[in-house]
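Summary of the model geometry
Spelled out, the chains give:
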Amino acid sequence: MTDKQSASERWYDAHDMAGRNAFFRDLIAIFRKDHPREPFGENRRRLWQLIEQHGGSLDGRPTWLRIVSEMIDKDTVEVRQTQEDGAYKLFNLTAAETRELIGTLVP
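Heads up: these notes are all about the structure in this document. (Residues numbered from 1 in each chain as written. Predicted model: local features only at pLDDT ≥ 70, side-chain atom pairs only at ≥ 80, totals over all residues. Heavy atoms only, no water.)

**Observations concerning the packing of aromatic side chains**
Counting across every chain of the model gives 2 aromatic pairs. Between tyrosine 12 and phenylalanine 23, the ring centres sit 5.6 Å apart and the planes meet at 70°, which makes this aromatic pair edge-to-face. With tyrosine 12 in strand S1 (residues 12-13) and phenylalanine 23 in helix H1 (residues 17-34), the pair connects residues that are 11 residues apart, well separated along the chain. Note on phenylalanine 23: relative accessible area 0%, which makes it buried. Judged by centre distance (5.1 Å) and plane angle (70°), the rings of phenylalanine 23 and phenylalanine 24 are edge-to-face. An identical accessibility class is assigned to phenylalanine 23 and phenylalanine 24; each is buried. Feature note: the residues Tyr12, Phe23 and Phe24 constitute an aromatic cluster, connected by ring pairs. The residue whose ring lies beneath arginine 80 is tryptophan 11, and the NZ or CZ to ring-centre distance is 4.4 Å. For the cation-ring pair, arginine 80 lies above tyrosine 88, with the distance from its terminal atom to the ring centre recorded as 4.4 Å. (Phe/Tyr/Trp six-rings, centres within 6.5 Å; stacked < 30°, edge-to-face > 60°. Helix = DSSP H or I, 4+ residues; strand = E, 2+ residues; numbered from the N terminus. Buried < 20%, exposed > 50% of the residue type's maximum accessible area, 1.4 Å probe, protein only. Lys NZ or Arg CZ within 6 Å of the ring centre and 35° of its normal.)

Laid out in structure tokens, this is it:
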């Protein structure tokens, strides 16, 4: 057993620049293995739009992101937000939304 977590086991702090940068770096690395010629790019505004569309809040509450890798072209982003009562709201972006975040073409 190693101390290093894989990208699919790690939670990233969406409000922290270092956490967000690590999230996009790991997300890009996963897709670059399968699609080495496709363009990739960070799209922070779109990330927050997708979080809001899935019922998340943009009010600055703690927001964590995790990459869920199950099969090629089916990777998704899992979002966990702390609610006012301390509970977590957990939801996933679709595989298409996840690919959109990193600038890939959705078939």
